[in-house]
Each structure stands twice: as C-alpha cells, then as structure tokens.
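Understanding the architecture of this molecule
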Amino acid sequence: MPEEPKPAGPPTQMASTLWEGDLPTTVKAAFGERLLESACYVNQNFFVVQADAVIPLIEFLKREVDFDFLVDLTAVDYPKRAERFELVYILYSYSRNERIRVKTSIADGVVPATATTVHTTANWLEREVFDMFGIRFAGHPEMKRILLPEEWVGHPLRKEYGITQMDNNWVKENLGIESGQ
Amino acid sequence: MSTAETFLDSSELVLNMGPQHPSTHGVLRVILKLDGEKVIGTECVIGYLHRGVEKIGENRTYVMFAPYVDRMDYISAVSNGLGYCLAVEQLGGYVAPPRAQTVRVILTELNRIASHLLWLGTHALDVGAITPLFYTMREREEVLKIFENYCGARLTTHAFRIGGLQYELYDGFEDQVRVFCERMLTKLDEYEELLTGNRIWVNRLTGVGIINAADCKRYGVTGPLMRAAGVAADLRKLQPYSGYEQYDFDIPTRVNGDSFDRYVIRMEEIRQSVRILRQAVERIPTGPVMAKVAKVLKPAIGEAYVSVEAPKGELGYFIVSDGSLHPYRMRVRPPSFLNLQALTEMCKGALVADVVAIIGTLDIVLGEVDR
C-alpha cells in the first residue's frame, strides 16, 4: 500500500534531478564507479566524482568533449561533514556553448592534485583557494597566498573563522596599531 | 663574435612598480625582472584592497549583501548588481518583470559606455595623451547624471533589487537617454579623429601586449581582450539574459589581439551599446517593475552559477544556499582577477615602457581583483 504523501515543506537537501543525455553517458562509460552523480539543479548540470578522478575527468572533458575553458575554481566549507571541503570546478565549452560543474569532496588536510596541468587558469584560482581555505594543491608551481600577506595566520573563508577575526599579531607588527576593528 | 660575458649583459635588474604607481589605477604591485629595457619576468602582488567581500556575503542576508557588490568593480557597479540579482533570482526561482528587464538593459549598457569611456581617458593619459581624458569625462558625466536622477547615486548605484527594480523611471528618462545616444555617436567620431588615425597613438599601441585566442582560453581571459584576439565570445549573445536576445547588435572582433585592437574593440562596443540603447528605449514595456519576492528571502537548499558580460569580461556569481537567510557561500568570479593573471604572458619580451600600456589595455579594477 502506497504511503501517504507528506505535506510539502522546504527540502532538506538540494532537490536536484538526474541529468540525462549523451554527456553523462559518455562520462559514465569512461569513469564508471568513480562518477558518483550526474545531476541538474535550476537548469545547471554538474558531475560529482571521487577526489582522485577530478583531474582525469577535467582532462577527459577538455580532450574528448571540448570543454576547453576553466571558468572558475572554488571551494565550499562544510565543517560538519567528514569530508569537509567541496571543490567546485566550473567549465565552459565555446564550441558547445555549454557550462557544467565538476564537484568533489575532500577531507581537511588532504592534498588534491593541481588543475594547472590541464588549465593554466587554475594557477591563481588555486592560490586563492589555499589562501582562503588552507587547501594545498599537489604539483602547483607556486603554492603560496595571493590576497592576504604571506605571514598571515588563518584561512578566512573557513566557517570557524569569525567575521571580525584577524591576525592581530600581524596587524600589530606591520601596521603598528592594536586592532583593525 | 665573442660569447664572453661582460658586466653589461650579465646582470638582471629587478624593478618594483607600484603599489603606488599612477598607471596601475589603484594599488597593484608588479615586480619586473629586466634585461636592459626588456622585460623577462613579471610577478603581480595583489591583495592591497582585499576587504573579504565573500566572507561578508556569508554574514549578510541576500538583500543586505546587494550594495556590497557595487564596491568590487566600482566603475561598473550596475553590471555587478545585475549579475548578483540574476544569480539570486535563479536560485530563488524569481523572474524580473519585462519592464524591469528592459530598464536593466538600458542602465547596464549606459554603465558599459561609462566604463569604456573612463578606460579610454585614463589609458590615453597613461600613454601620454592628456586631451581625451577631459573629453571622455565630459560624456561620462551625462551617464552619471542619468544614474543620479534615477537612483540618487552616481557611482555605487545599487540600482537593481532582487526581483526587479525599486524605483519607477523618472519623467524624461527616455528623452535623456535619446539625447545621450545622439551625442555619444558624434563625440565618438571626435575621439576617433583624435586617436584612431593618430600616428603616435597607433605606433604606441600596435603590436604591444599581444595575446592570442588560445592563450586567452588557457589563462581564462574574457571580455574585450578575448574579442580583440578574434573570439566572438560575448555572454549577451551566447547565453542571453535579461532579454538581450531581443536586441539587434553585433559582437566586434579583431585578429591581432594587441593593445590597439583592444582599443578598437572598446570603441566599437560603445557604438553597439548605443544601438542597444536606442532599441531598448523605444520599447520599454508598461507594467510592474518588481516581481513578487518574499519579504524574508530564503532560497531553497541548492546552488547556482550565473554570469553576465560585464564591461571587463565574464562576471559570475556562484551562490550556495543552505535554506537560511544568509548565503552559505558567496563566490564571485571576477573578470579583472583572471585577466590580470595573463599579464605575465603578455609582458614577455616587452619593453619596460610598454608594461604601462599593457596594464592600461587590460582594463582592470583593483577593487574587483582584490575583493
């Protein structure tokens, strides 16, 4: 006997739908179990893959399907999850006029591979992710901070970093004031 | 020929340019490695204007954050606002009414013209021509007056609201835009007379800071730089938003990808913006300017990336919602940041005096690079 439909409330997770088409099929055939999800939300398609499959997938998409432009690379912090960081790669193909995302999750302290081997654009973007989240990328040509000073302690976009928090020692030493607040 | 090193050719000079340097239009520090007059390496040091806009976004409600985006690329605040509003609307499932969409197009195109005008004036000043600055400032003033009449602010306008517009148009808006369009075209001819055929101007910019289409893709370069390299990439055509598909306009492209081509592209883009303005101003639909948007804005759990063609390139917002009042993650994809990354590539082998011209035609705004 079918269950009573529950009253509609706000969804508790992203109400994404399955993304069907040639591209998910091709990627599924090539990556098998390493492709965890191909989904669509507000008409935007994305792949979720295992952490070790990200760079091979981006390279595959560039070589085989002509996703030749890395639009953006960023991270999202979910402190309560076991794999707390979600890495998001936004790709665009000029020939297909299509934009997709590739996502993966990594635990704190894990060093994912750099995307600079596939897209040079990733250089500064990965430096910014390191600066803001403290995620280091293996094989990056110049893994250092980009927006904050090199001696700064802390990574501001981590959720535990407060909105008014700052590196007071750095501020005292370099600006000669007690606090920037 | 002797290959022995003399003291003259054995040394490299490291020159520090900025952060306080007039040609960087803000606080950009470029460390140049020079061999005589030749640039053999560059490194950008940025972050002097970092205000943590993305962190602020996580600590404000969706509505409260809207004015902050104006302070990134403060030269084209309207484009920033449009991108942000479209992103939140996509996430929350709202659509701005047709009247609001058309007014948005008009204000955004006016802002594109203002941005390109300011670029032209300051860039000309950088490479030694003082006159164009006064001319372009004069025309830009007309645009700022329209903004001021419409929403009270000239620079950081906060012109749009999530779901449409806050203000109705004022009386005489259409006429003011029509007059401006007319005036702009004649003034553009004046600029071109001053510059396009000017031998000093042409020689100063031709062949300087070349970047080809393949390198643009490699470095994530977008906007006028990419179009100057021959790629007809413009999000207004590729992925139309806010009703851009209704207007008849062209995407100018050039082939060389040098500083002179970037100048020509921007001049042509002003003409195309005027074309859009003339069409849009004649067909502003009647009706409401605001969609029905919840007073307490809480988009469902989810994420969206929405981008617009800002005067500098692709400006994108990647917003993650956890169903609460505040965005869970507010990522901005700044065109200036990624365009600046290509500076190293463009400066390879250039003369030290050309670095100023190259930074100039990159058209970066440090407020957006550093956020």
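Residues numbered from 1 in each chain as written. Chains lettered and ligands numbered in written order. Predicted model: local features only at pLDDT ≥ 70, side-chain atom pairs only at ≥ 80, totals over all residues. Heavy atoms only, no water.

1. Quick word on the packing of helix α4 (residues 98-126) of chain B against helix α6 (residues 173-195) of chain B
All names here are of chain B. α6 packs onto α4 with a crossing angle of 25 degrees between their chain directions and a minimal axis gap of 12 Å. One finds that α4 runs roughly parallel with respect to α6. Our pair here, α4 against α6, has a crossing hand that is left-handed. Counting all contacts with α4, which are made through Ile 106, Leu 107, Leu 110, Ile 113, Leu 117 and Leu 120, the residues of α6 involved are Phe 173, Val 177, Phe 180, Met 184, Tyr 191 and Leu 195. (Axes fitted to C-alpha atoms, helices over the stretch in contact; angles between N-to-C directions. Helix = DSSP H or I, 4+ residues; strand = E, 2+ residues; numbered from the N terminus. Parallel < 35°, antiparallel > 145°, perpendicular 65-115°, else oblique. Left-handed = near helix turned anticlockwise from the far one by under 90°. Contact = heavy atoms within 4.5 Å.)

2. Considering the environment of Arg 158 of chain A
For Arg 158 of chain A, the location among the structural elements is in the loop between α3 (122-133) and α4 (168-175). Leave out the neighbours within four places in its chain, and Arg 158 of chain A touches Asp 77, Arg 84, Phe 85, Asp 108, Met 132, Phe 133 and Gly 134 of chain A together with Lys 55 of chain B.

3. Brief notes about a nonpolar patch on the surface
Residues and elements named next belong to chain B. A surface patch of nonpolar side chains, about 300 Å² in accessible area, is lined by Leu 125, Ile 130 and Phe 134. Positionally, Leu 125 belongs in helix α4. Take Leu 125: its relative accessible area is 37%, and that puts it in the partly exposed class. (Patch = residues over 30% accessible without salt bridge, like charges linked within 9 Å, V, L, I, M, F, W, Y side chains within 5 Å. Areas by Shrake-Rupley, 256 points an atom, 1.4 Å probe, with all protein chains shown as cover. Salt bridge = Lys/Arg side-chain N within 4 Å of Asp/Glu carboxyl O. Buried < 20%, exposed > 50% of the residue type's maximum accessible area, 1.4 Å probe, protein only.)

4. As for the interface of chain A and chain B
Listed as interface residues are 51 residues of chain A and, on the opposing side, 47 residues of chain B. Contact with chain B buries area across many residues of chain A, yet Arg 99, Trp 124 and Leu 147 of chain A alone supply 17% of it, more than any other trio. On inspection of chain A and its partner chain B, the count reaches nine salt bridges. Among the salt bridges present, the one from Arg 331 of chain B reaches Asp 72 of chain A, with a minimum N-O distance of 2.8 Å. Where chain A packs against chain B, one counts 29 residue pairs in polar contact (both at pLDDT 80 or more). Mapped onto the side of chain A that touches chain B, the elements with two or more residues apiece are β3 (44-49), β4 (69-77), β5 (85-93), β6 (98-106) and α3 of chain A. Per-element accounting of the side of chain A that touches chain B gives the leading share, eight residues, to β4 of chain A. Along the lines of polarity and charge, the residues of the side of chain A that touches chain B split into 28 nonpolar, 10 polar and 13 charged. (Buried area = accessible area lost by both parts, 1.4 Å probe. Polar contact = N/O pair within 3.5 Å; in protein donor to acceptor, adjacent residues only side chain to side chain. Nonpolar A, V, L, I, M, F, W, Y, C, P; charged D, E, K, R; others polar.)

5. Thoughts on the domain arrangement of chain A
All names here are of chain A. Domain boundaries assigned for chain A yield domain 1 (17-146) and domain 2 (148-181). Taking the mean C-alpha position of each, domain 1 and domain 2 sit 30 Å from one another. The interface of domain 1 with domain 2 comprises 13 residues on the first partner and 12 residues on the second. Summed over both partners, the interface of domain 1 with domain 2 buries about 1000 Å², with 47% contributed by carbon and sulfur atoms. Three residues stand out in domain 1 for area buried against domain 2, namely Met 132, Phe 133 and Arg 145, and they jointly supply 53% of the buried area on that side. Linking domain 1 with domain 2 are two salt bridges. Linking domain 1 with domain 2 are 12 residue pairs in polar contact (both at pLDDT 80 or more), by the criterion used here. (Domains from an automatic or database assignment.)

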